[in-house]
Amino acid sequence: LFTDEESNDTDISIDDVSKSESESESQSESEAMSNVLECDLTEEQTDVFSKISLLSQNAIFSSENSLSFEMLSDEDETKVVESLQTSLDGQEIDDSVSFSVSVLPNVQVVENVGQMTVRMVFNHADDMKDYHLYHQMSDGSWESLSHSVLSDEATDSSYLEFMTDNLGVFAFVHTPDIVIT
């Protein structure tokens, strides 16, 4: 038997245990929060895209949030092209790729969370260099966005990246070259 003086036991108060558990929970919560969301692509989407990511400098997403990426239906694509042609004073559009990006759950369109970067990794990203990118604002008007096609030498793939303040409907459009004779 040990006497009190010989005991090597350390007194741990209930407050210390609670504090330790609270710190552990806080650490788990911060690990569950992120400023990056990646999309789970469907099998059909993976024929074209390898990965879709959203990187935000100000918005913090929880582990409950997910990134939604949807290609628009043919009918919706036609509406987008018609709307864009009107916005572009009748400029002909000979090709388009329209899609929607949103954060789920319960957030269809994210607005005013600060600058976000959308990164799209896919096989033919280089083909998009000659396309213009537009975003449909909440009032139905269109804003032009710049985009970059970049290469990842480590994976020997190319990807497209653009910055936006809002999510929702986007369209890459190609207009025919104007040849003056």
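Residues numbered from 1 in each chain as written. Predicted model: local features only at pLDDT ≥ 70, side-chain atom pairs only at ≥ 80, totals over all residues. Heavy atoms only, no water.

Visitor: Report on the overall build of the protein, specifying residues and quantitative values.
Guide: When its secondary structure is counted, the protein shows 3 helices and 10 strands. In the protein, the order of α-helices and β-strands from amino to carboxyl end is α-β-α-β-β-α-β-β-β-β-β-β-β. Considering the protein as a whole, with its 181 residues, one finds that 33% of them fall into the buried category. Look at the contacts in the protein between residues 6 or more apart in sequence, and 71% of them connect residues 24 or more apart. (Helix = DSSP H or I, 4+ residues; strand = E, 2+ residues; numbered from the N terminus. Buried < 20%, exposed > 50% of the residue type's maximum accessible area, 1.4 Å probe, protein only. Contact = heavy atoms within 4.5 Å.)

Visitor: Quick one: what's the story with the environment of Leu160, residue by residue and with numbers?
Guide: Secondary-structure assignment places Leu160 in strand β9 (residues 157-164). On the basis of relative accessibility, which here comes to 0%, the residue Leu160 falls in the buried class. Separated by 38 residues in sequence, Leu160 and Phe122 have C-alpha atoms that sit 8.0 Å apart. Among residues more than four places away in sequence, those in contact with Leu160 are Val118, Arg119, Met120, Phe122, Ala125, Met128, His147, Ser148, Val149 and Phe172.

Visitor: Describe the pairing of strand β7 (residues 142-145), and please don't skip the residues or the numbers.
Guide: As paired strands, strand β6 (residues 132-136) and β7 are joined by 4 bridges and run antiparallel to one another. By the bridge assignment, Leu133 is partnered in β7 with Leu145. Two successive antiparallel strands, β6 and β7, enclose a turn made up of 5 residues, where Gly140 displays a positive phi of approximately 95 degrees. (Pairing = 2+ DSSP bridges.)

Visitor: Describe the pairing of strand β2 (residues 49-56), with residues and values.
Guide: Relative to β2, strand β1 (residues 36-38) is paired through 3 bridges, and the arrangement is antiparallel. Residue pairing across strands places Val36 opposite Leu55, the latter belonging to β2. Sheet analysis places β2 next to strand β5 (residues 116-122), joined by 7 bridges and oriented antiparallel. Paired with Leu55 across the two strands is Thr117, which belongs to β5.

Visitor: An account of the confidence of the model for the protein is needed here, citing residue identities and associated values.
Guide: Confidence in the prediction of the protein, expressed as mean pLDDT, is 77, and 73% of residues score 70 or more. Confidence over residues 1-31 falls short of pLDDT 50; this stretch has 3 contacts with residues more than four positions distant or in other chains. (pLDDT = per-residue confidence, 0-100.)

Visitor: Kindly report on the layout of surface pockets, identifying the contributing residues and their values.
Guide: Looking at the largest pocket, its volume works out to about 330 Å³. If you trace the largest pocket, you find 18 residues lining it, with Val48, Phe49, Met71, Val97 and Phe122 closest to the centre. Breaking the lining of the largest pocket down by element, the ones donating at least two residues are α2 (43-46), β3 (66-71), β4 (95-104) and β5. Looking at the lining of the largest pocket residue by residue, the class counts come to 10 nonpolar, 4 polar and 4 charged. (1 Å grid on protein atoms, 1.4 Å probe; cavity = no way out; pocket = protein on both sides within 12 Å on 5 of 7 lines; lining within 4 Å. Points joined across faces, edges and corners; volume = space filled by probe spheres on them. Nonpolar A, V, L, I, M, F, W, Y, C, P; charged D, E, K, R; others polar.)

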